[in-house]
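If you want the building blocks of each chain, they are given just below.
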Amino acid sequence: MHMQSPPVNSLSLDFLTELCISLEKLEMDKGCRGLIITSVLSNQPKVFSAGLDILEMYGKSPEHCGEFWKVVQEMWLKFYGSNMGSSPAGGCLLSLTCDYRIMADNPRYTIGLNETQLGIVAPFWFKETMVNTVGHRNTEVALQLGLLYKPAEALKIGLVDQLVPEDQVFTVASQTMTKWLTIPGNVSVITTKSTLNLLFSFQLWCFNLV
Ligand SMILES: CCCCCCCCCCCCC/C=C/C(=O)SCCNC(=O)CCNC(=O)[C@H](O)C(C)(C)COP(=O)(O)OP(=O)(O)OC[C@H]1O[C@@H](n2cnc3c(N)ncnc32)[C@H](O)[C@@H]1OP(=O)(O)O
C-alpha cells in the first residue's frame, strides 16, 4: 500500500478513513496474505507519516474529535507490515502495529512517540504497543522525554527490526514478506499472534476499546 497524502502523510480524518476502507477490502480478499505499507510522497520521499494531523485536533467540535479518535483506533486495530523514513508519534504507532519494521538508514530520519514534546499525552494503547515492542524501561525513558530515535538508536532498542540503504527499502521489504509467507497455514500464525497479544487484548477489553 502506497501512502501519498502530501505534504507529509499526516493522518487526517479523510486519510485515515480511506486507509481503513482499503484495509477492509484487503481483509476480505482471500488472496491477500500480507501487506507492505510505504510512503510514495513525490515531494517528500523521506517521510513515512508525520503522525496524527495536528489540525484535526485543534479548534474542532467535540463531535468531529470523537469521529477522528474513533478512526484512529480503527486504523490501529487493523494494521500489519511496514517500511519507512521519518515516523513521529502516530506515524510511529502506525509502524508499531506492523509485524516487521524496515527503516531507511539515514540519520536524518527519526522515529518515536514524541507526544510529550508537543504537550500531549500518548494514550495508554500507544504506550502498551511500545512496551510490547521495546520493553518497559525503554518506553519509560522514550515516552517521558518524547524521544525521537535516529535509525541506529531505534535498531538498538528494537524499535525497528532492520536498517537498509534508502534505495533498497522496498526490495528488502518484499524479500522479508516472501520469507514470512513461507510459514504454512494462516491459522497457526493468527493463533500465535493472538496468544502473544492476549494480555493486551484483555486490557483493551477492560478499557472498553474493543
Ligand atoms: C475526545 C476525542 C479527542 C480527540 C482528539 C484529542 C487528541 C488528544 C491528544 C491525544 C494524543 C494522541 C497522540 C498524538 C499523536 C500524534 O501523532 S500528534 C502529531 C505528532 N507529529 C509530529 O510531531 C510531527 C511534526 N512534523 C515533523 O516533525 C516534520 O514535519 C516532519 C514529518 C519530520 C517532516 O519535516 P520536513 O520535511 O522538514 O517538513 P515540514 O516543513 O516540517 O512540514 C511540511 C508541512 O507539513 C505540515 N505538517 C507536518 N506535520 C504535520 C502534522 N502532524 N499534522 C499536520 N500538518 C503537519 C507542516 O506544518 C508543513 O506545512 P506547511 O507549513 O503548510 O508547508
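For the structure itself, consult the block above.
Note that this is a predicted model, so its numbers are computed, not measured. (Residues numbered from 1 in each chain as written. Predicted model: local features only at pLDDT ≥ 70, side-chain atom pairs only at ≥ 80, totals over all residues. Heavy atoms only, no water.)

(A) Up close: the overall build of the chain. When you go through the chain residue by residue, the secondary structure sums to nine helices and seven strands. In terms of overall dimensions, the chain is globule-like: its C-alpha atoms have a radius of gyration of 16 Å, near the 17 Å expected for 210 residues. Dimensions of the chain, computed from C-alpha atoms along their principal axes, come out at roughly 50 × 40 × 35 Å. Taking all 210 residues of the chain together, the buried fraction comes to 43%. In the chain, the share of contacts with a sequence separation of at least 24, taken over all contacts with a separation of at least 6, comes to 72%. (Helix = DSSP H or I, 4+ residues; strand = E, 2+ residues; numbered from the N terminus. Rg over C-alpha atoms; globule rule 2.2 N^0.38 Å. Buried < 20%, exposed > 50% of the residue type's maximum accessible area, 1.4 Å probe, protein only. Contact = heavy atoms within 4.5 Å.)

(B) Layout of the side chain of Ser10. Residue placement: Ser10 occurs in the loop between strand E1 (2-3) and helix H1 (13-28). Classification of Ser10 by relative accessible area gives buried; the value is 16%. Only 2.8 Å separates the side chain of Ser10 from the side chain of Asp53, close enough to count as a polar contact. Not counting residues up to four positions away in its chain, the partners in contact with Ser10 are Ser5, Phe15, Ala50, Gly51 and Asp53. (Polar contact = N/O pair within 3.5 Å; in protein donor to acceptor, adjacent residues only side chain to side chain.)

(C) Main features of the packing of helix H4 (residues 124-134) against helix H9 (residues 198-206). For the pair H4 and H9, the least separation of the axes is 11 Å and the interaxial angle reads 175°. Relative to H9, the element H4 lies roughly antiparallel. When H4 is examined against H9, the residues Phe124, Trp125, Glu128, Thr129 and Asn132 are found in contact with a partner set consisting of Phe200, Gln203 and Leu204. Across the contact of H4 with H9, the residue classes tally to four nonpolar, three polar and one charged. (Axes fitted to C-alpha atoms, helices over the stretch in contact; angles between N-to-C directions. Parallel < 35°, antiparallel > 145°, perpendicular 65-115°, else oblique. Nonpolar A, V, L, I, M, F, W, Y, C, P; charged D, E, K, R; others polar.)

(D) Local environment of the nonpolar core. Leu11, Leu16, Met75, Met130 and Leu159 are the most contacted members of the largest nonpolar core, which totals 45 residues. In terms of residues, this core owes the most to one element, H1, which gives five residues. Residues in contact with Met130, not counting those within four places in the same chain, are Leu96, Leu113, Gly135, Thr139, Ala142, Leu143 and Leu159. (Core = buried A, V, L, I, M, F, W, Y, C linked by side-chain atoms within 4.5 Å.)

(E) Molecular detail of the pairing of strand E5 (residues 101-104). On E5, burial covers both faces: Arg101 and Met103 on one face and Ile102 and Ala104 on the other are all buried. Pairing geometry for E5 and strand E7 (residues 162-164), over three bridges, is parallel. Residue Ile102 lies in a different strand from E7, and its bridge partner there is Gln162. (Pairing = 2+ DSSP bridges.)

(F) Geometry of a nonpolar patch on the surface. On the surface, Ile54, Met57, Leu118 and Ile120 cluster together into a nonpolar patch covering about 360 Å² of accessible area. Along the chain, Ile54 falls in the loop between strand E2 (38-39) and helix H2 (62-78). Judged by its relative accessible area of 56%, Ile54 is exposed. (Patch = residues over 30% accessible without salt bridge, like charges linked within 9 Å, V, L, I, M, F, W, Y side chains within 5 Å. Areas by Shrake-Rupley, 256 points an atom, 1.4 Å probe, with all protein chains shown as cover. Salt bridge = Lys/Arg side-chain N within 4 Å of Asp/Glu carboxyl O.)

(G) Structural detail: helix H7 (residues 169-180). Helix length check: H7 (twelve residues) gives 16 Å between terminal C-alpha atoms against 16 Å at 1.5 Å per residue, within 8%. Of the residues making up H7, those classed as buried are Val169, Val172, Ala173, Thr176 and Met177. Buried residues of H7 fall within an arc of 140° about the axis and therefore sit on the same side. With respect to the buried face of H7, the exposed residues turned more than 90 degrees away are Gln175 and Thr178. (Expected span 1.5 Å × (residues − 1). Arc of directions from axis to C-beta.)

(H) How the structure looks around the packing of H4 against helix H5 (residues 136-145). Their axes nearest at 7 Å, the elements H4 and H5 cross at an angle of 130°. Classified by the angle between their axes, H4 and H5 sit oblique to one another. For H4 against H5, the interelement crossing comes out right-handed. Contacts from Lys127, Met130, Val131 and Val134 in H4 reach His136, Asn138, Thr139, Ala142 and Leu143 in H5. In terms of residue class, the contact of H4 with H5 is made up of five nonpolar, three polar and one charged. (Left-handed = near helix turned anticlockwise from the far one by under 90°.)

(I) Spotlight on the environment of Thr38. Here Thr38 is to be found in strand E2. Under the relative-accessibility criterion, Thr38 is labelled buried at 10%. As for Thr38 and Ala104, which are separated by 66 residues in sequence, their C-alpha atoms are 11 Å apart.

(J) Just unusual backbone geometry, in detail. Cis rather than trans, the peptide bond between Pro6 and Pro7 has omega equal to 5°. Mapped onto the elements of the fold, Pro7 is located in the loop between E1 and H1. In this structure, Asn9 takes a positive phi of about 50° despite not being glycine. Its place among the elements puts Asn9 in the loop between E1 and H1. Although it is not a glycine, Ala89 sits at a positive phi angle of roughly 45°. Following the sequence through the fold, Ala89 ends up in the loop between strand E4 (87-88) and helix H3 (90-96). On the accessibility criterion, Ala89 (10% relative accessible area) is buried.

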